[in-house]
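A look at the structure
Chain by chain, the residues:
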Amino acid sequence: MNEYNSLERRSGLLSIQGMQSATIHTAMFMQVLAAQQAGNEKLAQFYVDRFPPDVRKAYDGWMAQKPFENANADPHPFVPNLYQMRGADEIEKANATAADKVRDSRAAGSVSSQYLANTVLFATVLFFANAASKFEQRRVRILGFLFALAVFTFAVVRTVMLPL
């Protein structure tokens, strides 16, 4: 569970960092559009030249669709087929690994619970084996001992069937 929690925190941090980057990239893109609309191509090019490589690739791919002329072009360069948020692959990998860890943790918890239940059964055996000797009637002692023996056998079989 500790590994799961660590991976979840890492995934959350990467997601926040990726969203922060995407927000900055979107703001830069909006400035490019505003500069183009104002007719200031020099300012627009200033922003485009400062795009990080992944954003520049998405922007160039979007511009290749001729979005101002083509009504079927993507609405912006931040669609999944053009742009991928930073750390998205690492986030996906961390989430998948975290899911595996929580599944492993639950399986281990289940086995642990079964071992604990077997411990209770062995304690029950000790109680009935001891209590059987305290009765005066032979038939009650034998029944108490047989019950303890049956519970013991059941607990041993359950324990043998558990993974190590």
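**Looking at the overall build of the chain**
- A tally of regular secondary structure across the chain gives 5 helices and 0 strands.
- Order of helices (α) and strands (β) in the chain, N terminus to C terminus: α-α-α-α-α.
- Over its C-alpha trace the chain gives a radius of gyration of 33 Å, far above what one expects of a compact globule, namely 15 Å for 164 residues.
- Across its three principal directions, the C-alpha atoms of the chain cover 105 × 25 × 20 Å.
- Within the span of the chain, comprising 164 residues, buried residues form 23% of the whole.
- For the chain, restricting intrachain contacts to residue pairs at least 6 apart in sequence, the fraction spanning at least 24 positions comes to 61%.
- For the chain, the exposed area adds up to about 11,400 Å²; of that, 61% sits on carbon and sulfur atoms.
- Averaging the locations of the 17 positively and 14 negatively charged side chains of the chain gives two centres separated by 15 Å.

**Structural notes on the packing of helix H4 (residues 88-132) against helix H5 (residues 138-161)**
- Running from N to C, H4 and H5 point in directions that differ by 160°, and their axes come no closer than 8 Å. Judged by the inter-axis angle, H4 sits roughly antiparallel to H5. At the point where H4 passes H5, the crossing takes the left-handed sense. Together, Gln-114, Tyr-115, Ala-117, Asn-118, Leu-121, Phe-122, Val-125, Phe-128, Ala-129 and Ala-132 of H4 and Arg-141, Gly-144, Phe-145, Phe-147, Ala-148, Val-151, Phe-152, Phe-154, Ala-155, Val-156, Arg-158 and Thr-159 of H5 make up the contact between the two elements.
- For the contact of H4 with H5, the per-class residue count stands at 16 nonpolar, 4 polar and 2 charged.

**Looking at the packing of aromatic side chains**
- In this structure the tally under the stated criterion is 11 aromatic pairs.
- Residues Phe-46 and Tyr-47 carry aromatic rings whose centres are separated by 5.6 Å and whose planes lie at 75° to one another, so their mutual orientation is edge-to-face.
- In this structure Phe-46 comes out as partly exposed when scored by relative accessible area, which is 38%.
- Three or more aromatic residues link up through ring pairs in this structure, and these residues are Phe-29, Phe-51, Tyr-59, Trp-62, Phe-68, Phe-78 and Tyr-83.

**Observations regarding the side chain of His-25**
- Residue placement: His-25 occurs in helix H1 (residues 2-37).
- The exposure class assigned to His-25 is buried, which follows from its relative accessible area of 3%.
- With residues up to four places along the chain from it excluded, the contact list for His-25 reads Pro-52, Asp-54, Val-55, Phe-78, Tyr-83 and Arg-86.

**Let's talk about the nonpolar core**
- Grouped together as the largest cluster of nonpolar side chains are 15 residues, with contacts concentrated most on Phe-29, Val-32, Phe-51, Tyr-59 and Tyr-83.
- Where this core is concerned, the elements lending two or more residues are H1, helix H2 (41-49) and helix H3 (53-64).
- Residue contributions to this core peak at 6 residues, all from H1.
- Excluding residues that lie within four positions of it along the chain, Phe-29 makes contacts with Phe-51, Tyr-59, Trp-62, His-76, Pro-77 and Phe-78.

**Focus on the environment of Asn-118**
- Position of Asn-118 among the secondary structure elements: in helix H4.
- Residues Asn-118 and Phe-152, 34 residues apart in the sequence, show an inter-C-alpha distance of 9.4 Å.
- Residue contacts for Asn-118: discarding those within four places in its chain leaves Ala-155, Arg-158, Thr-159 and Leu-162.
- A polar contact is formed between the side chain of Asn-118 and the side chain of Arg-158, at a distance of 2.6 Å.
- Within the local environment of Asn-118, its side chain forms a polar contact with the side chain of Thr-159, the two groups lying 3.0 Å apart.

What counts and how
Residues numbered from 1 in each chain as written. Predicted model: local features only at pLDDT ≥ 70, side-chain atom pairs only at ≥ 80, totals over all residues. Heavy atoms only, no water. Helix = DSSP H or I, 4+ residues; strand = E, 2+ residues; numbered from the N terminus. Rg over C-alpha atoms; globule rule 2.2 N^0.38 Å. Buried < 20%, exposed > 50% of the residue type's maximum accessible area, 1.4 Å probe, protein only. Contact = heavy atoms within 4.5 Å. Areas by Shrake-Rupley, 256 points an atom, 1.4 Å probe, with all protein chains shown as cover. Lys, Arg positive; Asp, Glu negative; His and termini not counted. Charge placed at Lys NZ, Arg CZ, Asp CG, Glu CD. Axes fitted to C-alpha atoms, helices over the stretch in contact; angles between N-to-C directions. Parallel < 35°, antiparallel > 145°, perpendicular 65-115°, else oblique. Left-handed = near helix turned anticlockwise from the far one by under 90°. Nonpolar A, V, L, I, M, F, W, Y, C, P; charged D, E, K, R; others polar. Phe/Tyr/Trp six-rings, centres within 6.5 Å; stacked < 30°, edge-to-face > 60°. Core = buried A, V, L, I, M, F, W, Y, C linked by side-chain atoms within 4.5 Å. Polar contact = N/O pair within 3.5 Å; in protein donor to acceptor, adjacent residues only side chain to side chain.

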